[in-house]
Amino acid sequence: MEINIIKGHGSGNDFLLIDEITNAYSFSETERVEIAKLLCDRDTNLGADGILFVLKSDRADGRMRVFNADGSEASMCGNGLRLVARYLCELIEKNEAVVETMKADLKVSKQAELISEVHTYQVEISPVMFDLKALPLKLNKPTLYNEKIQELSDELRFTALAVPNPHLITIVDVETLRSDIQKLLSEKVNGPNELFPDGVNVSFVKQLEKGSIYVRTFERGVGFTNACGTAMSASSLVTCMQGLNDFEAVIDVYNNGGKVQCVVHQLERDYKIDLIGNATYLYNAEVSVNLAKGTFELTAKTELTEQNAYEKLQAEVQQYLNTKMKG
Ligand SMILES: N[C@H](CCC[C@H](N)C(=O)O)C(=O)O
């Protein structure tokens, strides 16, 4: 089968976007899983953290389904949603839209460019749930807020939440970031384990200064990525709940792929997070896929130039992180 793709990234978290609105594709559920595993494989001349299928919606401007590199489908993807937001806004020629996702219809909108030629979008991260059943996390308690999990660590304190995909978050120092604790712990809770039967995205967070954090995430179904949008949003919320940052204020969230901004809204009985950041296209391509053989061929590729502008932002970010991540 021939598939048109756009390779893009949100804060270095890269995806292959497949438009099923204007292309007459009709993928079966099994084909979606196989396409994700085949095209995301980094040992090929393609590779990505996941696939973004963009489909028609009968109640919104479009629908996003996100598949991790291991073929598992996730309920949400913050960085991917910014790419889908851009694609849909440009398709319907509007600056805002509503995107149907697995658990919610989310507002998205074009924003002023972070720096020139860096397409910037805002997406809504919601719903936010602290009930451990929403992850699920099997502990004999209803929630986990800044508490230890003996099976995982004697020192670290964790907060567990779903936005709505599952996140386990801990605030750490530079020394802990430099250790292999996050890798070992993340592999443990994303393999066969009693705590997280569906796995979990694990984020280590460092407070850089008021209104500024660094987040590194080991993603369920992928491994370490440059950035995880839902994790950066959930981490921003956790730092506000711990009094490190302010609700309703812009939080600069630094990561290994660049920087995004989050604004955490404290509603009457709930939270909502705005995630603002780049939606950068790298290239258009066409692949000829043979799922029966588990092979594909890159039959066309047109490089784009937006990444040059994005790299200016990355350079600024690296300079800032070098000053803040000493210790
Ligand atoms: N690995 C995640 C899905 C992708 C989320 C991430 N790429 C983001 O930007 O939020 C999960 O299985 O829940």
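Reading the values: the criteria
- Residues numbered from 1 in each chain as written.
- Predicted model: local features only at pLDDT ≥ 70, side-chain atom pairs only at ≥ 80, totals over all residues.
- Heavy atoms only, no water.
- Helix = DSSP H or I, 4+ residues; strand = E, 2+ residues; numbered from the N terminus.
- Rg over C-alpha atoms; globule rule 2.2 N^0.38 Å.
- Buried < 20%, exposed > 50% of the residue type's maximum accessible area, 1.4 Å probe, protein only.
- Contact = heavy atoms within 4.5 Å.
- Areas by Shrake-Rupley, 256 points an atom, 1.4 Å probe, with all protein chains shown as cover.
- Lys, Arg positive; Asp, Glu negative; His and termini not counted.
- Charge placed at Lys NZ, Arg CZ, Asp CG, Glu CD.
- UniProt positions renumbered as here; feature names shortened; annotations may be inferred.
- Salt bridge = Lys/Arg side-chain N within 4 Å of Asp/Glu carboxyl O.
- Core = buried A, V, L, I, M, F, W, Y, C linked by side-chain atoms within 4.5 Å.
- Domains from an automatic or database assignment.
- Near = heavy atom within 4 Å.
- Polar contact = N/O pair within 3.5 Å; in protein donor to acceptor, adjacent residues only side chain to side chain.
- Nonpolar A, V, L, I, M, F, W, Y, C, P; charged D, E, K, R; others polar.
- Phe/Tyr/Trp six-rings, centres within 6.5 Å; stacked < 30°, edge-to-face > 60°.

## Points about the overall build of the protein chain
- Of the regular secondary structure elements, the protein chain holds six helices and 18 strands.
- A compact globule built from 327 residues should have a C-alpha radius of gyration of about 20 Å, and the protein chain, at 19 Å, falls within 12% of that.
- By residue count, 58% of the 327 residues in the protein chain fall in the buried class.
- When contacts within the protein chain are restricted to residue pairs at least 6 apart in sequence, long-range pairs at least 24 apart make up 61% of them.
- As presented, the protein chain carries roughly 13,900 Å² of accessible surface, and 47% of it is formed by carbon and sulfur atoms.
- Both charge centroids of the protein chain, one from 34 positive and one from 47 negative side chains, sit 4 Å from each other.

## A short note on the UniProt feature "active site" (unreviewed entry) in the protein chain
- What UniProt calls "active site" (unreviewed entry) maps, in this numbering, to Cys77 and Cys228. Spanning 152 residues, the named residues form one tight spatial group whose C-alpha atoms are at most 7.7 Å apart.
- Looking at Cys77, the relative accessible area reads 9%, which means it is buried.
- Those residues in contact with Cys77 that lie beyond four places of it in its chain are Phe15, Met64, Val66 and Thr230.
- Within the fold, Cys228 resides in the loop between strand S13 (223-224) and helix H5 (229-241).
- Of the residues examined, Cys228 reaches a relative accessible area of 3% and is grouped as buried.

## Quick look at the environment of Met64
- With respect to the helices, strands and loops of the structure, Met64 is situated in strand S4 (residues 62-68).
- For Met64, a relative accessible area of 4% corresponds to the buried category.
- As a C-alpha pair, Met64 and Arg82 span 18 residues in sequence and 11 Å in three-dimensional space.
- In this structure, Met64 is in contact with Leu52, Phe53, Met76, Cys77, Gly80, Leu81, Val84, Val99, Glu100 and Thr101, ignoring residues within four places of it in sequence.

## Topic: the pattern of salt bridges
- The final tally for this structure, using the stated rule, is 21 salt bridges.
- Where Glu20 meets Arg32, a salt bridge forms, and the shortest distance between an N and an O atom there is 2.6 Å. With Glu20 in the loop between strand S2 (13-19) and helix H1 (29-39) and Arg32 in helix H1, the pair connects residues that are twelve residues apart, well separated along the chain. Just as Glu20 is buried, Arg32 falls in that class too.
- The salt bridge partner of Lys141 is Glu147, with a shortest N-O separation of 2.7 Å.
- What emerges from the salt-bridge pattern is a single network uniting Glu20, Glu29, Arg32, Arg65 and Glu73.

## Quick notes on the nonpolar core
- Core analysis: the biggest nonpolar cluster contains 50 residues, and Met64, Leu81, Val84, Val128, Leu161, Leu237 and Val253 have the highest contact counts within it.
- At seven residues, the largest contribution of residues to this core is made by helix H2 (residues 78-92).
- The two domains that each donate at least three residues to this core are domain 1 (2-124 + 279-318) and domain 2 (132-276).
- Other than its neighbours up to four places away in sequence, Leu161 contacts Val128, Met129, Phe130, Leu135, Pro166, His167, Ile169, Ala234, Leu237 and Val238.
- One finds Leu135, Ala162, Leu177 and Phe196 within the second-largest nonpolar core, a separate group that totals 32 residues.

## A closer look at the site of the ligand
- Close to the ligand lie 15 residues, the nearest being Asn13, Gly78, Glu219, Gly229 and Thr230.
- At 2.8 Å from a nitrogen atom of the ligand is found a side-chain nitrogen or oxygen belonging to Asn13.
- For the ligand, whose free accessible area comes to 360 Å², the fraction covered by protein is 99%.
- Of the residues assigned to the shell around the ligand, the class counts are five nonpolar, eight polar and two charged.

## Brief notes about the packing of aromatic side chains
- Within this structure, the stated rule accounts for seven aromatic pairs.
- When the centroid spacing of 5.7 Å and the interplanar angle of 55° are considered together, the rings of Phe27 and Phe53 count as tilted. Highlighted residues: Phe27 in the loop between S2 and H1 and Phe53 in strand S3 (residues 50-55), separated in sequence by 26 residues.
- Look at Phe27 and you get buried, because its relative accessible area is 9%.

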